[in-house]
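Chain by chain, the residues run as shown.
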Amino acid sequence: MINNIIKSAGYFIFFLILSAHAMAGESARAVVEKFQEQLIDVMKNGKQLGFAGRYDKLYDAVSNSHDLPKIARIVVGKEWEKLTSEQQDKLVDVFSRLSVASYAYNFKEYGGESFVFDSEKETARGGVVVHSKMNVPDDKPVKFDYMLKEKGDSWRIINIIANGVSDLALKRSEYTTILQREGFDALIKKINEKIDNYSKQ
């Protein structure tokens with residue numbers, strides 16, 4: 001009788017553990033690898049899709065793997081608090097479109113590239129860094145370090161470091177300067193110009 005109770009309790013605990021894992025959402029590595037698979041898929045069909053097609057295909061992929069509102073806030077730093085709620089919403093919208101457009105522009109052709117997972121580690125502030133590389137035929141591999149933070153029941157990318165260069169740091173340096181010197185409207189105009197340029201190339 002007691003043994004049966006213990007066995008039943010064990011099954012119940014095992015079920016709870018499985019349920020907790022199921023509800024926990026995708027791991028940081030899974031989020032990155034899924035996004036990379038979607039990038040490769042778009043690259044393989046890049047020419048046929050054209051910029052607009054690649055943009056449409058990547059919109060959900062980027063939105064579901066990146067914390068775009070958080071990235072937009074980080075990009076403008078302390079200036080974020082000086083913006084009205086309408087300006088904040090507008091910045092998140094235009095920055096989100098820029099993020100998708102840059103992927104649609106930079107990942108437009110396929111030449112046998114492949115992503116390979118290297119390692120992952122937790123950061124001191126509760127985030128995770130996923131290290132991987134993109135193998136490029138007849139060229140040196142590109143090293144990618146994806147920095148992720150938890151959002152809800154999953155993980156979201158907040159920064160990507162390619163061969164040691166932080167995309168977030170580059171954008172923050174440029175956009176904060178424009179915002180401080182020229183104002184919000186000038187920043188939005190600059191970002192829209194970039195999106196337009198990506199679409200024409």
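Just so we're clear, the structure is a prediction, and the values are computed from it rather than from any experiment.

Time to look at helix H2 (residues 28-44). Across its 17 residues, H2 extends 25 Å between first and last C-alpha, which sits within 8% of the 24 Å expected from 1.5 Å per residue. Within the span of H2, buried status applies to Ala28, Val31, Val32, Phe35, Gln36, Leu39, Ile40, Val42 and Met43. Along the axis of H2, the buried positions cluster into a sector of 170°, meaning they face one direction only. Buried-residue contacts for H2 involve helix H3 (46-65), helix H5 (85-106), strand S1 (114-122), strand S2 (128-135), strand S3 (142-151) and strand S4 (154-162).

Roughly 730 Å³ of internal volume is contained in the largest pocket. Looking at the largest pocket, it is lined by 35 residues, and the ones nearest its centre are Ser102, Tyr103, Asn106, Asp167 and Lys171. Listing elements by their share of the lining of the largest pocket, those giving two or more residues are H2, helix H4 (68-76), H5, S3, S4, helix H6 (167-182) and helix H7 (184-200). In this structure, the second largest pocket occupies an estimated 220 Å³ of space. Contributing to the lining of the second largest pocket are Ile74, Thr123, Arg125, Gly127, Val128, Met147, Leu148, Lys149, Ile158, Asn159 and Leu168. Mapped onto the lining of the second largest pocket, the elements with two or more residues apiece are S3 and S4. The leading source of residues in the lining of the second largest pocket is S3, at three residues. In terms of residue class, the lining of the second largest pocket is made up of six nonpolar, three polar and two charged.

Below, the discussion takes up the packing of aromatic side chains. Evaluation of the coordinates by the stated rule reveals seven aromatic pairs. Seen in terms of ring centroids, Tyr55 and Tyr59 are 6.2 Å apart; in terms of plane orientation they differ by 40°. Their pairing is tilted. Of this pair, Tyr55 and Tyr59 are both found in helix H3, four residues apart, which corresponds to roughly one turn of the helix. Residue classification places Tyr59 among the partly exposed positions, given a relative accessible area of 35%. Consider the rings of Tyr103 and Phe107, whose centres lie 5.9 Å apart with planes at 35°: the pair is tilted. We classify Tyr103 as buried; its relative accessible area is 12%.

About the cut-offs
- Residues numbered from 1 in each chain as written.
- Predicted model: local features only at pLDDT ≥ 70, side-chain atom pairs only at ≥ 80, totals over all residues.
- Heavy atoms only, no water.
- Helix = DSSP H or I, 4+ residues; strand = E, 2+ residues; numbered from the N terminus.
- Expected span 1.5 Å × (residues − 1).
- Buried < 20%, exposed > 50% of the residue type's maximum accessible area, 1.4 Å probe, protein only.
- Arc of directions from axis to C-beta.
- Contact = heavy atoms within 4.5 Å.
- 1 Å grid on protein atoms, 1.4 Å probe; cavity = no way out; pocket = protein on both sides within 12 Å on 5 of 7 lines; lining within 4 Å.
- Points joined across faces, edges and corners; volume = space filled by probe spheres on them.
- Nonpolar A, V, L, I, M, F, W, Y, C, P; charged D, E, K, R; others polar.
- Phe/Tyr/Trp six-rings, centres within 6.5 Å; stacked < 30°, edge-to-face > 60°.

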